[in-house]
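Examination of the molecular architecture
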Amino acid sequence: MLTILNAVKRVLVGRPFRNDRLAHTLLPKRIALPVFASDALSSVAYAPDEILLTLALAGVSAVAFSPWVGLAVMVVLLTVVASYRQNVHAYPSGGGDYEIANENLGKYAGLTVASALLVDYVLTVAVSMSSAAAYLTTAVPALHGQQALIATIGVVILALVNLRGIKEAGSVFAVPTYIFMASILGMTAVGVYKMATGTLGEAPSAAFTIVPAQGFDEGLVGLAGAFLLLRAFSSGAAALTGVEAISNGVPNFKKPKSKNAATTLLLLGVIGASMLAGIMFLAQATKVHIVLDPATEFLLNGLPLPENYIQNPAISQIAQTIFGAGSIPFYIVVAATGIILVFASNTAFNGFPVLGSILAQDGYLPRQLRTRGDRLAFSNGVLALAAGALVLIIAFNADVTKLIQLYIVGVFISFTASQLGMIRHWGRELKLAKDKAVRRRMAKSRAINTMGFCMTALVLVIVLITKFEQGAWIALLAMFVLFLIMWSIRAHYDNVAKELAVDEDSSPRALPTRVHAVLLVSHVRKPVLRALAYARASRPSQLDAITVDIDPDDTARTVADWEKLEIPVPLTVLASPYRETVTPIMDYVKQMRIDSPRDLVVVYIPEYVVGKWWEQLVHNQTALRIKTRLHFEPGVMVASVPWQLKSSVDAKNFQDVQ
């Protein structure tokens with residue numbers, strides 16, 4: 001079974017890389033941009049939809065405010081990008097927000113940021129994949145209703161790609177990401193030209209009348225209207241997710257790492273803001289309308305739409321208006337958008353494993369997460385992220401509107417904490433710096449980070465107020481639970497380290513009084529004789545052989561065979577009135593420890609080495625139970641003596657060929 005799994009692993013993941021190949025996995029800027037920025041760039045595929053959908057609650061008149069909401073999101077995006085350019089220069093190690101908060105605000109703040117980022121990475125994959133599935137159903141309406149299945153398949157495929165290594169994944173994602181950028185910017189240019197020439201048409205949903213939700217009959221008036229505007233802004237702020245991934249991925253850049261990371265951040269900010277501005281402008285110009293439930297919130301000539309009406313996303317409607325439904329440019333835009341949404345999850349697949357590795361090194365996560373796999377990627381982190389995303393996709397049935405309510409809370413917690421940490425960092429550095437030019441540069445960086453802190457703190461408050469009841473509380477609860485889990489893991493590791501520390505009582509000169517060996521015998525066969533030979537070769541102070549009397553006839557044959565071979569080791573038969581094997585052996589060993597507490601007891605257990613998975617089900621089960629129980633006994637060691645069956649030899653030869 002293991003051989004088959006290993007062969008499948010090699011086909012899916014590829015042959016392992018040596019450690020010296022790590023340098024070859026570093027990324028140039030042209031590859032780093034699609035790898036680390038695809039999440040933030042792809043958000044233009046769903047952030048405008050969420051802004052329009054939220055404003056539509058107050059009717060058609062409220063949708064007219066969407067460009068201003070988009071402008072506010074762009075201002076915050078550019079501010080955060082400018083702030084993170086200071087981060088990557090000051091902390092190029094890859095710890096990102098976690099390292100900044102941990103070093104400048106304390107371990108509690110650091111762990112809070114870490115838990116927020118881990119939850120947000122999982123949500124990034126779930127939201128992006130769910131949105132990609134929605135775009136796929138736009139191009140292929142027959143798939144409508146299968147979004148959860150499509151998103152699940154997408155997560156599995158993306159996890160496999162990332163298991164093959166970060167550079168290989170980047171090469172796969174580079175071309176489609178650049179096609180997406182070109183398609184959106186190109187569509188914007190064509191749309192602006194058509195508007196200037198008076199040939200720009202209206203979106204398919206422009207003719208629909210929006211039925212305002214209860215309480216918004218008069219549009220955006222009063223406190224309710226202001227709250228709805230803030231709620232639309234908080235939904236649109238999803239466009240900022242992924243900005244922090246570059247600061248976490250600085251070690252993956254080619255040298256000079258910090259400079260290349262800062263340049264990539266600048267490109268991300270300019271391109272992302274331009275694309276978002278284009279989509280929001282064209283959505284307003286073509287009168288795109290999007291609602292939560294088209295069958296009840298849309299009216300056409302005063303009548304509701306049919307139940308089977310499928311509402312297309314904003315980019316799809318804009319592309320249809322500009323290029324025409326069924327045209328080649330239309331399909332290019334829709335396909336590129338769907339693909340980039342799949343690849344957007346790759347930002348999380350790069351950030352989550354690296355952060356998990358750093359947390360594992362600090363003792364907050366299991367140590368299996370800190371090591372690289374066969375292809376020099378953090379494989380266990382990739383698998384953990386994929387598992388978490390799949391749970392959310394299935395639980396929320398790949399519903400983007402529901403998932404996005406959980407979104408961005410974590411990333412703005414990390415934004416705010418890291419900017420506050422950077423303010424403290426620059427304050428500390430300014431006290432030590434003497435050169436005036438250096439001090440001016442530090443003061444400028446601190447001013448940028450201060451502006452970033454004020455902006456992100458304000459947005460965090462808005463997000464918490466407007467999204468708490470809609471589902472943000474679930475994300476906060478998940479962060480709190482994850483915080484407690486990581487704190488418990490660290491406490492466990494600390495306690496184990498104290499327990500295992502060498503002291504006077506554990507001096508290597510302290511030896512047991514005697515070594516008492518015990519050989520377990522079921523039948524007198526070759527494995528038992530090999531175990532007997534090994535036990536005798538170790539020259540114990542005393543060697544006993546024991547067998548459990550489950551069946552009197554079998555026991556009699558075993559004793560007869562033992563005596564026939566004239567083995568110079570006494571065979572003790574243990575009574576078992578309840579036909580149970582493990583308990584009599586445990587009672588025998590425990591009595592030995594009571595009689596001679598300073599003796600070392602070594603139990604030799606013959607075991608079969610099998611080559612087929614089903615053979616493991618019919619062999620070694622009793623030995624496994626005995627070993628498990630013996631491991632809990634102090635002063636007792638277990639020596640497993642293997643006997644290779646023919647099937648194991650065949651399996652080994654097959655594995656050597658592979």
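Since the model is a prediction, treat every value here as computed from it, not as a measurement. (Residues numbered from 1 in each chain as written. Predicted model: local features only at pLDDT ≥ 70, side-chain atom pairs only at ≥ 80, totals over all residues. Heavy atoms only, no water.)

**Brief notes about the overall build of the protein**
Counting its regular elements, the protein contains 25 helices and eight strands. Total accessible area computed for the protein in this model is approximately 30,600 Å², and 62% of it derives from carbon and sulfur atoms. (Helix = DSSP H or I, 4+ residues; strand = E, 2+ residues; numbered from the N terminus. Areas by Shrake-Rupley, 256 points an atom, 1.4 Å probe, with all protein chains shown as cover.)

**Some points on the sheet that holds strand β4 (residues 515-520)**
Sheet architecture is open: five strands sit in the order β6-β5-β4-β7-β8, paired in parallel fashion. With partners counted over all chains shown, the strands left at the sheet margins are β6 (571-575) and β8 (636-644), one partner each. Across the sheet, the axes of successive neighbouring strands diverge by a mean angle of 30 degrees, strand direction being ignored. As paired elements, strand β5 (residues 542-549) and β6 share five bridges and run parallel to each other. Residue pairing in the sheet places D549 in a bridge with A575 of β6. Against the sheet, helix α20 (residues 526-537) engages β4, β5, β7 (600-609) and β8, with an angle of about 135 degrees to β8. (Pairing = 2+ DSSP bridges. Axes fitted to C-alpha atoms, helices over the stretch in contact; angles between N-to-C directions. Contact = heavy atoms within 4.5 Å.)

**Here we look at the packing of aromatic side chains**
Tallied over the entire structure, the rule returns seven aromatic pairs. Between the aromatic rings of Y84 and F415, the centroid separation amounts to 5.5 Å while the plane-to-plane angle is 65 degrees, which identifies the pairing as edge-to-face. Within this pair, whereas Y84 is found in helix α5 (residues 66-90), its partner F415 is found in helix α18 (residues 409-432), the two being separated by 331 residues in sequence. The buried category is assigned to Y84, whose relative accessible area is 0%. Ring plane angle 50 degrees and centroid distance 4.9 Å describe the contact between F208 and F298, whose orientation is recorded as tilted. Of the two residues, F208 is situated in the loop between α9 (166-197) and β1 (209-210) and F298 in strand β2 (residues 298-300); the sequence distance between them amounts to 90 residues. Take F208 and F298: they sit in the same class, and that class is buried. (Phe/Tyr/Trp six-rings, centres within 6.5 Å; stacked < 30°, edge-to-face > 60°. Buried < 20%, exposed > 50% of the residue type's maximum accessible area, 1.4 Å probe, protein only.)

**Side note on unusual backbone geometry**
For the bond running from K255 to P256, omega is -5 degrees, close enough to zero to count as cis. Turning to its location among the elements, P256 is positioned in the loop between α11 (243-248) and α12 (257-285). Positive phi is not limited to glycine here, since N397 has a value of about 55 degrees. Along the polypeptide, N397 turns up in the loop between α16 (379-395) and α17 (400-403). What makes N397 exposed here is its relative accessible area of 55%. In this model, R539 sits at a positive phi of 50 degrees, which is unusual for a non-glycine residue. By the element assignment, R539 lies in the loop between α20 and β5. Using a relative accessible area of 74% as the deciding quantity, one classes R539 as exposed.

**Observations regarding a nonpolar patch on the surface**
A surface patch of nonpolar side chains, about 720 Å² in accessible area, is lined by F468, W473, I474, L477, F480, V481, L484 and I485. As for its placement among the helices and strands, F468 is situated in helix α19 (residues 436-500). The partly exposed category is assigned to F468, whose relative accessible area is 40%. (Patch = residues over 30% accessible without salt bridge, like charges linked within 9 Å, V, L, I, M, F, W, Y side chains within 5 Å. Salt bridge = Lys/Arg side-chain N within 4 Å of Asp/Glu carboxyl O.)

**Quick look at the nonpolar core**
It is characteristic of soluble globular proteins that their nonpolar side chains tend to be buried jointly. Core analysis: the largest hydrophobic core is formed by 149 residues, its most contacted members being M187, V243, L359, F412 and M486. At 17 residues, helix α7 (residues 107-139) tops the list of elements feeding residues into this core. Those residues in contact with L359 that lie beyond four places of it in its chain are Y98, A114, L118, Y364, L365 and M486. (Core = buried A, V, L, I, M, F, W, Y, C linked by side-chain atoms within 4.5 Å.)

**A closer look at the packing of helix α3 (residues 47-55) against α5**
Contact geometry for α3 and α5: axes closest at 10 Å, N-to-C directions at 135 degrees. Accordingly, the angle class assigned to the pair α3 and α5 is oblique. Of the two possible hands of crossing, α3 and α5 adopt the one that is right-handed. Across the interface between the two elements, I51, L52 and L55 from α3 touch S66, V69 and G70 from α5. By residue class, the composition of the contact of α3 with α5 is four nonpolar, two polar and no charged. (Parallel < 35°, antiparallel > 145°, perpendicular 65-115°, else oblique. Left-handed = near helix turned anticlockwise from the far one by under 90°. Nonpolar A, V, L, I, M, F, W, Y, C, P; charged D, E, K, R; others polar.)

**Let's talk about α20**
A rise of 1.5 Å per residue sets the reference length of α20, with its 12 residues, at 16 Å; its end C-alpha atoms lie 16 Å apart and thus fit the reference within 8%. Of all the positions in α20, only P527, V528, A531, L532 and A535 are classed as buried. Looking straight down α20, one finds its buried side chains confined to an arc of 140 degrees; they lie on one side. Exposed side chains of α20 directed beyond 90 degrees from the buried face belong to K526 and A537. Contacts from the buried residues of α20 go to β4, β5, α21 (552-564), β7 and β8. (Expected span 1.5 Å × (residues − 1). Arc of directions from axis to C-beta.)

**Notes on the pairing of β7**
Among the 10 residues in β7, seven count as buried, and that is most of the element. Judged from the nine bridges that link them, β7 and β8 form a sheet pairing that is parallel. Residue pairing across strands places V603 opposite V638, the latter belonging to β8.

**Things to note about the environment of F281**
On the secondary structure map, F281 appears in helix α12. Counting along the chain gives 215 residues from F281 to S66, while the straight-line C-alpha distance between them is 8.8 Å. Among residues more than four places away in sequence, those in contact with F281 are V192 and M195.

**Focus on the packing of α5 against α12**
Axis separation between α5 and α12 bottoms out at 9 Å; the angle between their running directions is 180 degrees. Here α5 lies roughly antiparallel to α12, going by the angle between them. In the contact of α5 with α12, the residues fall into 17 nonpolar, eight polar and two charged.

**Remarks on the pattern of salt bridges**
Within this structure, the stated rule accounts for seven salt bridges. One salt bridge in this structure joins D494 and R490, with 3.3 Å as the shortest N-O distance. Of this pair, D494 and R490 both sit in helix α19, separated by four residues, roughly a single helical turn. Residue D494 is classed as partly exposed on the basis of its relative accessible area, which comes to 33%. We note a salt bridge from R514 to D599, for which the minimum N-O separation is 3.1 Å. Taken together, the residues span a long stretch of sequence, with R514 in the loop between α19 and β4 and D599 in the loop between α22 (582-595) and β7 at a distance of 85 residues. Classification of D599 by relative accessible area gives buried; the value is 7%.

So far we have only geometry, and geometry alone does not tell us how the molecule works.
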